Amino acid sequence: MPKEARPSTGEQARQHALAQLRQAILHGEMAPAQRLVENELAEQFGVTRASIRAALIDLESQGLVERIRNRGSRVRVVTVDEAVAITECRMVLEGLCAAKAAVAASDDQLIELTDLGTAMTKAVADGEPVTYSDLNHALHVRIREFSGQQTAQELLERLNAQLVRHRFQLALRPGRPQQSLNEHLTMIEAIRARDPQAAETAVRAHLTSVIEALRD
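The model shown is predicted, which means the values in this text are computed figures rather than measured ones.

Undergrad: Explanation requested: unusual backbone geometry in the structure shown.
TA: Only a minority of non-glycine residues have a phi that is not negative, and only a minority of peptide bonds are not trans. The backbone of A33 sits at a positive phi, close to 80°, despite the residue not being glycine. On the secondary structure map, A33 appears in the loop between α1 (10-26) and β1 (35-36). For A33, a relative accessible area of 35% translates into the label partly exposed. We note that R194 has phi near 55°; this positive angle belongs to a residue other than glycine. Assessed through its relative accessible area of 33%, R194 is described here as partly exposed.

Structure follows, in structure tokens:
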């Protein structure tokens, strides 16, 4: 957004600051434990300190920022133990979404999942872990959307936002994309077969594997 078009105060300014900060954290532009100085951020985004402070409070509620007494705010550090606990919750919710997607997805949506699987296979074959990670994320998002389970989608959006750093680290681990690919293809095949039980089982198996990788 051009600087002159940025709202400097009010609700629009808070929303602008919130969107920009959230994107920066999720894209790795702001690293875990990085201090978030209100004055600097207000100048960077062309809004007031009050707008930045309100945005940081929102991000704290989303689990992306932590406020430390007498020290201000910083990007929240998600420990391995926390990442495992979050993934255990994902297992239940994503399993539910996969089961529902197996029943509710349209034929065109099943083709989209197949195409994502093909693109993921190519990314692994070409040795492109970052591309694979992005496609991996897209697949999980599509399955959630195709499930029609809005409550689970909203919960998972918050949970997954906290795992961005760990997701990229796993994608860059030698051999991990190849193993992950097979798990995702199994998920896709179960949904394409319109077998909700197999779809849920495949998701749980995949996320069990993720937990094991996190703990390694």
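Undergrad: Got a minute to help me understand the nonpolar core in this structure?
TA: In summary, soluble globular proteins display a tendency toward joint burial of nonpolar side chains. Core analysis: the largest hydrophobic core is formed by 40 residues, its most contacted members being L113, L139, I143 and I191. Of all elements in the fold, only α4 (80-104), α5 (107-125), α6 (129-147), α7 (150-161), α9 (176-192) and α10 (196-215) reach the threshold of two or more residues within this core. The biggest single contributor to this core is α4, with 9 residues. Those residues in contact with I191 that lie beyond four places of it in its chain are A98, A101, A102, L110, L113, I143 and A199.

Undergrad: Where do I start with the state of the cysteines in this structure?
TA: What is meant by a disulfide is a covalent connection between two cysteines, made through their sulfur atoms. This structure, assessed with the given rule, holds 0 disulfides. As a non-bridged cysteine, C89 has C97 as the owner of its nearest cysteine sulfur, 14 Å distant.

Undergrad: In this structure, what is going on with the layout of surface pockets? I would like to understand it.
TA: Unfilled space is identified by rolling a water-sized probe across the atoms. Here the largest pocket defines a volume of roughly 360 Å³. What lines the largest pocket is a set of 17 residues, and nearest its centre among them are R22, L26, H137, V141 and E157. Counting only elements with at least two residues in the lining of the largest pocket, the list comes to α1, α6, α7 and α8 (164-171). Of all the elements, α7 adds the most residues to the lining of the largest pocket, at 6 residues. Space inside the second largest pocket adds up to approximately 280 Å³. Along the wall of the second largest pocket there are 18 residues; nearest its centre are I25, P32, Q162, V164 and R165. When contributions to the lining of the second largest pocket are tallied by element, the ones reaching two or more residues are α1 and α8. The element best represented in the lining of the second largest pocket is α8, accounting for 5 residues. Here the lining of the second largest pocket is built from residues that sort into 11 nonpolar, 5 polar and 2 charged.

Undergrad: Mind showing me how you'd approach the environment of T118 here?
TA: In this structure, T118 sits in helix α5. Assessed through its relative accessible area of 51%, T118 is described here as exposed. As for T118 and E11, which are separated by 107 residues in sequence, their C-alpha atoms are 43 Å apart.

Undergrad: Help me understand α4, please; the structure alone is not making it clear to me.
TA: One turn of an α-helix holds 3.6 residues; hence residues three or four places apart share an orientation. End to end, α4 covers 34 Å across 25 residues, agreeing with the expected 36 Å (1.5 Å per residue, within 8%). At R90, α4 shows its maximal bend, which comes to roughly 25°.

Undergrad: What is the right way to look at the pairing of strand β2 (residues 65-68) in this model?
TA: The side chains of a regular strand alternate, first on one face of the sheet and then on the other. Relative to strand β3 (residues 72-75), β2 runs antiparallel, the two being bridged by 4 bridges. In the strand pairing of β3, I68 is matched with G72. The hairpin formed by β2 and β3 contains 3 residues between the paired strands, and N70 there has a positive phi angle of roughly 65°.

Thresholds applied
- Residue positions are given per chain, counted from 1 along the sequence in the order it is written.
- Side-chain atom pairs in this predicted model are given and counted only at pLDDT of 80 or more, local residue features only at pLDDT of at least 70, and totals for whole chains, interfaces and linings cover all residues.
- As a convention, hydrogens and water are excluded, and side-chain values are obtained from all of the structure's heavy atoms.
- Helix numbers and strand numbers start at the N terminus; a helix is a DSSP run of H or I with at least 4 residues, a strand a run of E with at least 2.
- Note on exposure labels: buried denotes an accessible area under 20% of the residue type's maximum, exposed denotes more than 50%, and partly exposed covers the range between, all computed with a 1.4 Å probe on protein chains only.
- Nonpolar cores were defined as sets of buried Ala, Val, Leu, Ile, Met, Phe, Trp, Tyr and Cys residues, with membership established by side-chain atoms within 4.5 Å.
- Contact definition: two residues touch when any of their heavy atoms are within 4.5 Å.
- In what follows, a disulfide is any cysteine sulfur pair within 2.5 Å.
- Definitions used for this entry: grid spacing 1 Å over protein atoms alone; cavity, a set of points where a 1.4 Å probe fits but cannot get out; pocket, an open set with protein on both sides within 12 Å along at least 5 of 7 lines; lining residue, one with an atom within 4 Å of a point.
- Grid points are joined across faces, edges and corners, and a volume is the space filled by probe spheres set on the points.
- Amino acids outside the nonpolar list (Ala, Val, Leu, Ile, Met, Phe, Trp, Tyr, Cys, Pro) and the charged list (Asp, Glu, Lys, Arg) are all regarded as polar, and Gly is one of them.
- To estimate how far a helix should extend, the number of its residues minus one is multiplied by 1.5 Å.
- Bend is computed residue by residue as the angle between axes fitted to the seven residues ending at the residue and the seven residues starting at it.
- Any two strands are treated as partners once DSSP identifies two or more bridges connecting them.

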